[in-house]
Amino acid sequence: MSKTIESQAREYVYDLKNCASEFGFNNQEGWQFSLVTDVEKTKIEKEYYPTISAHPAQEVLFEFLKLVKDKLTLPLNKEEYGFDANSTVHKNVRHLIAFNPKMHR
């Protein structure tokens, strides 16, 4: 049975909050979100720790990001509003990854 996008977003936010608490930073200030390809995800994971990524179906990736940001009461940025899973620019984007830009490995 596949989980709904809503329950996936709820679990992701739960993980974000636990991780932020464990590493001593605030959800609103700490996380930076990126919609990324496999290669970009690997690069971010090598550069930053902790990272939390999710891999919902590509056609619901933007909806997933929107749900996560709604639950954290964060606004979408201009790039996120421009996300289109069907465009050639975004065709390899598969993940939502969160990382704290101040926490390098």
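Residues numbered from 1 in each chain as written. Predicted model: local features only at pLDDT ≥ 70, side-chain atom pairs only at ≥ 80, totals over all residues. Heavy atoms only, no water.

*Asks:* Looking at this model, I keep getting lost on the layout of surface pockets. Mind explaining?
*Replies:* The gaps left among the atoms become clear once a water-sized probe is rolled over them. Within this model, the largest pocket holds a volume of roughly 280 Å³. Along the wall of the largest pocket there are 17 residues; nearest its centre are Phe33, Ser34, Leu35, Glu79 and Glu80. Contributions of two or more residues to the lining of the largest pocket are made by strand 1 (32-36), helix 4 (61-71) and helix 5 (78-81). Top element by residues in the lining of the largest pocket is strand 1. It accounts for five residues. (1 Å grid on protein atoms, 1.4 Å probe; cavity = no way out; pocket = protein on both sides within 12 Å on 5 of 7 lines; lining within 4 Å. Points joined across faces, edges and corners; volume = space filled by probe spheres on them. Helix = DSSP H or I, 4+ residues; strand = E, 2+ residues; numbered from the N terminus.)

*Asks:* Can you help me understand the environment of Gln8 in this one?
*Replies:* Following the sequence through the fold, Gln8 ends up in helix 1 (residues 5-23). Separated by 56 residues in the primary sequence, Gln8 and Phe64 have C-alpha atoms spaced 8.0 Å apart. Discounting residues that sit within four places of it in the chain, Gln8 has contacts with Lys3, Pro56 and Phe64. (Contact = heavy atoms within 4.5 Å.)

Read these as spatial facts, not as claims about activity.
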